[in-house]
Amino acid sequence: GDVAFLPLASAGVQAVPRDAGLRVTFDNGLRVLCVENQGTCTVAVSAFVNTSARAEALATAGIRYFVARALVECSASDQPEIADRIQDLGADVFSGATLDLSQVTIGAAAEDLGAAAELLRDILFRAQFNDLSLRRLRHQIATNLTSAGELPEVAAERAAAACLYPNHSFGWPVEGLPTTVGSFT
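Below, the structure is looked at part by part. (Residues numbered from 1 in each chain as written. Predicted model: local features only at pLDDT ≥ 70, side-chain atom pairs only at ≥ 80, totals over all residues. Heavy atoms only, no water.)

1. A closer look at the packing of helix H1 (residues 63-78) against helix H2 (residues 80-89)
In the contact formed by H1 and H2, the axes pass within 5 Å of each other and the chain directions differ by 110°. As summarised for this structure, H1 and H2 are arranged roughly perpendicular, according to the angle between their axes. For the pair H1 and H2, the contacting residues are Ser75, Ala76 and Asp78 in the first and Pro80, Ile82, Ala83 and Ile86 in the second. In the contact of H1 with H2, the residues fall into five nonpolar, one polar and one charged. (Axes fitted to C-alpha atoms, helices over the stretch in contact; angles between N-to-C directions. Helix = DSSP H or I, 4+ residues; strand = E, 2+ residues; numbered from the N terminus. Parallel < 35°, antiparallel > 145°, perpendicular 65-115°, else oblique. Contact = heavy atoms within 4.5 Å. Nonpolar A, V, L, I, M, F, W, Y, C, P; charged D, E, K, R; others polar.)

Rendered as structure tokens:
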């Protein structure tokens, strides 16, 4: 039958049959889910890491969010070749973390599936960033946290969470706190 090759060689991935709703777990633990939506001409290639902000201690609040953002934003700014490939594909790249998982997703035209998967592999396994881009990202996240906290609805939500879940990761934003984010190196 039809085969989709996922070019994540450094992760030990092999060819995957193209079946709607296919689920495969490889020997290295990597799980692949393939779902076809015939009504669209785009694909999303994603990596989800089953590590959550729930596991973060107060001293490292926001580290998973920071790393997910750094993988995309700092890699693109510090590796022009990555930025060029994103632009050449016309791809949308998203990264972030929730209380449940961390993720990096690339959206591209369906005919660019292979190139999008290779780009995701390089972002995940060949990431490089310098101190300047990490400093810029720390500042951006801390500034966003501070300015969002000035909105009454966000301030109320954060106060309620801190009151309901003192000393627990549910009590602070997934993005961390300005003080913790500022300590990430």
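2. Observations concerning the pairing of strand S7 (residues 102-109)
Both faces of the sheet carry side chains from a regular strand, because those side chains alternate between them. When you tally the buried positions in S7, you get six out of eight residues, the bulk of the element. Inspection of the sheet shows strand S5 (residues 42-49) paired to S7 by eight bridges, in the antiparallel sense. The partner of Phe48 across the bridge, within S7, is Gln103. Taken together, the six bridges between strand S6 (residues 92-97) and S7 define a ladder with antiparallel strand orientation. Bridge pairing in S7 links Gly96 to Gln103. The hairpin turn running from S6 into S7, its antiparallel successor, is four residues long. (Buried < 20%, exposed > 50% of the residue type's maximum accessible area, 1.4 Å probe, protein only. Pairing = 2+ DSSP bridges.)

3. Digging into the pattern of salt bridges
Under the defined criterion, the tally for this structure stands at seven salt bridges. Among the salt bridges present, the one from Glu56 reaches Arg64, with a minimum N-O distance of 3.4 Å. Residue classification places Glu56 among the buried positions, given a relative accessible area of 5%. Between Arg121 and Asp122 there is a salt bridge, with its nearest N and O atoms 3.0 Å apart. The structure contains a network of salt bridges with shared partners spanning Glu81, Arg85, Arg121, Asp122 and Arg126. (Salt bridge = Lys/Arg side-chain N within 4 Å of Asp/Glu carboxyl O.)

4. Quick word on the nonpolar core
Ranked by size, the top nonpolar core spans 16 residues in total, and within it Ala91, Val104, Ile106, Leu119, Leu120 and Ile123 carry the most contacts. Elements that contribute at least two residues to this core include exactly S5, H1, H2, S7 and helix H3 (113-125). No other element matches the five residues that H3 contributes to this core. With residues near it in sequence (within four places) discarded, Leu119 still touches Ile82, Arg85, Ile86, Leu89 and Ile106. Counting 13 residues, the second-largest nonpolar core is a separate cluster that includes Ala97, Leu134, Leu137 and Val181. (Core = buried A, V, L, I, M, F, W, Y, C linked by side-chain atoms within 4.5 Å.)

5. A short note on unusual backbone geometry
Its identity is not glycine, yet Asn167 carries a phi of approximately 60°, on the positive side. The residue Asn167 is located in the loop between helix H5 (152-164) and helix H6 (178-181) in this model. Look at Asn167 and you get exposed, because its relative accessible area is 74%.

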